Amino acid sequence: MTSAESSGPFQPGALVLVTLSAPREKFWGAILSLSAAGISLRGCELVSFEDFVAMTRSGEGFTPGVVFFPMHRVERIELDASVNGLPSLAQRFAAEAGMEVAPLLRGTAGPGA
């Protein structure tokens, strides 16, 4: 890995949205590792985002899944960032759940968080 590759935006801890094939699905979370073999994330399927927000807001607790996707399934990886005035998923989570999501997805939240 060159220094240009190691200083890119897709580093461990970065919040991303991954589009997968076979079956087609989207997964949102924090990168744990990224290699030629695949990507490991802590997060949730995009279809479960609203449930994740609601459970966190109500205090029920939601444990983000830790998953590995082989690179042959990965169609696209994009940073979770606001675009053209639309909030990022992390910003939506913070506004709706009343807390920052990064510590939960990065595994740095304290007990009971």
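Everything numeric in this text was worked out from a predicted model, so none of it was measured.

Here we take up the packing of helix α2 (residues 49-58) against helix α3 (residues 89-97). For any two helices packed against each other, one specifies the crossing angle of their axes together with the interaxial distance. Direction vectors running N to C along α2 and α3 enclose 35 degrees, while the axes themselves pass 9 Å from each other. Like other packed secondary-structure pairs, α2 and α3 cross with a definite hand, here right-handed. Residues F49, E50, F52, V53, T56 and R57 of α2 form the contact with α3, whose participating residues are L89, R92, F93, E96 and A97. When the residues that make up the contact of α2 with α3 are grouped by side-chain class, the tally is 6 nonpolar, 1 polar and 4 charged.

Read from one edge of the open sheet, 5 strands run β4-β3-β2-β1-β5, paired in antiparallel fashion. Edge positions in the open sheet fall to β4 (65-70) and β5 (74-79), since each of these has one partner strand only. Strand-to-strand, the axes of this sheet are offset by a mean angle of 40 degrees, without reference to chain direction. Pairing geometry for strand β3 (residues 38-45) and β4, over 6 bridges, is antiparallel. Bridged to L41 within β4 is V67.

Looking now at the pattern of salt bridges. Applying the stated criterion across every chain yields a total of 5 salt bridges. With a shortest N-O distance of 2.7 Å, R73 and E25 are connected by a salt bridge. Of the two residues, R73 is situated in the loop between β4 and β5 and E25 in strand β2 (residues 25-34); the sequence distance between them amounts to 48 residues. The closest approach of N and O atoms between R92 and E96, which form a salt bridge, is 3.7 Å. One end of the pair, R92, and the other, E96, are both in helix α3, 4 residues apart, so they sit about a helical turn from each other. Because the salt bridges share partners, they merge into one network encompassing E50, R92 and E96.

Turning our attention to α3. Every α-helix winds through 3.6 residues per turn, so residues three or four apart in the chain are directed the same way. Taken together, the buried positions of α3 are L89, A90, F93, A94 and A97. Seen along its axis, α3 keeps its buried residues to an arc of 140 degrees; they face one direction. Elements that come into contact with the buried residues of α3 comprise β1 (15-20), β2, α2 and α4 (102-106). Two residues or fewer past α3, G98 is found with a positive phi of approximately 80 degrees.

Within the element layout of this structure, T19 appears in strand β1. Residue class for T19 comes out buried when judged on its relative accessible area of 4%.

When pLDDT is averaged along the chain, the result is 89, and 89% of the positions lie at 70 or above. Within the chain, β1 carries the highest mean pLDDT (97), whereas helix α1 (residues 3-6) carries the lowest (50).

Below, the discussion takes up the packing of aromatic side chains. Tallied over the entire structure, the rule returns 5 aromatic pairs. Between the aromatic rings of F52 and F93, the centroid separation amounts to 5.0 Å while the plane-to-plane angle is 45 degrees, which identifies the pairing as tilted. Of this pair, F52 sits in helix α2 while F93 is found in helix α3, placing the two residues 41 residues apart along the sequence. F93 shares its class with F52; the two are buried. Every member of this aromatic cluster is reached through a ring pair, and the members are W28, F49, F52, F62 and F93.

Each value, and the rule that gives it
Residues numbered from 1 in each chain as written. Predicted model: local features only at pLDDT ≥ 70, side-chain atom pairs only at ≥ 80, totals over all residues. Heavy atoms only, no water. Axes fitted to C-alpha atoms, helices over the stretch in contact; angles between N-to-C directions. Helix = DSSP H or I, 4+ residues; strand = E, 2+ residues; numbered from the N terminus. Left-handed = near helix turned anticlockwise from the far one by under 90°. Contact = heavy atoms within 4.5 Å. Nonpolar A, V, L, I, M, F, W, Y, C, P; charged D, E, K, R; others polar. Pairing = 2+ DSSP bridges. Salt bridge = Lys/Arg side-chain N within 4 Å of Asp/Glu carboxyl O. Buried < 20%, exposed > 50% of the residue type's maximum accessible area, 1.4 Å probe, protein only. Arc of directions from axis to C-beta. pLDDT = per-residue confidence, 0-100. Phe/Tyr/Trp six-rings, centres within 6.5 Å; stacked < 30°, edge-to-face > 60°.

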